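Here is how the chains run, residue by residue.
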Amino acid sequence: MKKVQEIDRSTLTIEQKLGMLICTTLAYGEEDVEYALDLVRKHALGAIWIQPGFHKDAAAIIARVLEVADYPIIVMCDSECGYGDYKIPQQIAMTAAHESCELAFSFGRITAMQLHALGVNVIC
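Residues numbered from 1 in each chain as written. Predicted model: local features only at pLDDT ≥ 70, side-chain atom pairs only at ≥ 80, totals over all residues. Heavy atoms only, no water.

Draft legend 1. Structural view of the overall build of the protein. Tallying secondary structure elements over the protein gives 4 helices and 6 strands in all. Across the protein, helices and strands are ordered from the amino to the carboxyl terminus as α-β-α-β-α-β-β-β-α-β. Buried positions account for 31% of the 124 residues belonging to the protein. Within the protein, contacts between residues separated by at least 24 positions form 74% of all contacts whose residues are at least 6 apart in sequence. (Helix = DSSP H or I, 4+ residues; strand = E, 2+ residues; numbered from the N terminus. Buried < 20%, exposed > 50% of the residue type's maximum accessible area, 1.4 Å probe, protein only. Contact = heavy atoms within 4.5 Å.)

See below:
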C-alpha cells in the first residue's frame, strides 16, 4: 500500500497552496480526469468532487486519484439518494422512511459505508 502523509506546507509554492484550496468536479470526461491527476501529482489540488450515481466509472476514477495522491486528498460527492443497489428517487427519500428516524439513519449509514469503501470521505 502506498504511503500517504501530510505535506510540509512551507515547501509548497504559492500556486500549490492556492491549488490545495480548490475542489474540482470530475464529470466531463477523461480529459478532466487527466488534468486533475496532473494537478494531484504536482500537489496542486485539495479535493475532487465526483457523482457516483451519475458517473458510471466513479469507482475507477476515485481509485486512480487515490493511487496518484501521496497526500491526503478530500474526495466528495452528493448521495442523499443512496448509492449502488440501495438507491431511491430523491423525491421520496424522506417519505420512504415513514417518519422513522431509525430507518433514515440506517439508510444513511449504508450509503456512507458503501461510499467510504470507494474512498469517498465527504458525503453531502
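Draft legend 2. Region of interest: the nonpolar core. Among the nonpolar cores identified, the biggest contains 22 residues, and Leu26, Leu45, Ile48 and Ile73 are the most heavily contacted of them. Sorting the residues of this core by element identifies α2 (30-41), α3 (58-68) and β3 (74-77) as the ones contributing at least two each. Non-local contacts of Leu45, meaning those with residues more than four positions away in its chain, are made with Gly19, Met20, Ile22, Thr24, Ala36, Leu39, Val40, Tyr71 and Ile73. (Core = buried A, V, L, I, M, F, W, Y, C linked by side-chain atoms within 4.5 Å.)

Draft legend 3. View of the sheet that holds strand β1 (residues 23-25). Read across the open sheet, the 4 strands follow the order β1-β2-β3-β6; overall the sheet is parallel. A strand with exactly one partner marks an edge of an open sheet, and here the two such strands are β1 and β6 (122-123). Bridging between β1 and strand β2 (residues 47-49) involves 3 bridges; their strand directions are parallel. Each residue of the ladder has a partner; that of Thr24, found in β2, is Ile48. (Pairing = 2+ DSSP bridges.)

Draft legend 4. Seen up close, unusual backbone geometry. Despite not being glycine, His43 has its phi angle at roughly 60°, a positive value. Tracing the chain through its elements places His43 in the loop between α2 and β2.

Draft legend 5. Looking closely at the side chain of Gln16. With respect to the element layout, Gln16 can be found in helix α1 (residues 14-19). The class of Gln16 is buried, set by a relative accessible area of 16%. Looking at Gln16, its side chain comes within polar contact range of the main-chain nitrogen of Thr13, at 2.8 Å. Looking at Gln16, its side chain comes within polar contact range of the main-chain oxygen of Lys42, at 2.6 Å. Not counting chain neighbours up to four residues away, the residues in contact with Gln16 comprise Thr11, Lys42, His43 and Ala44. (Polar contact = N/O pair within 3.5 Å; in protein donor to acceptor, adjacent residues only side chain to side chain.)

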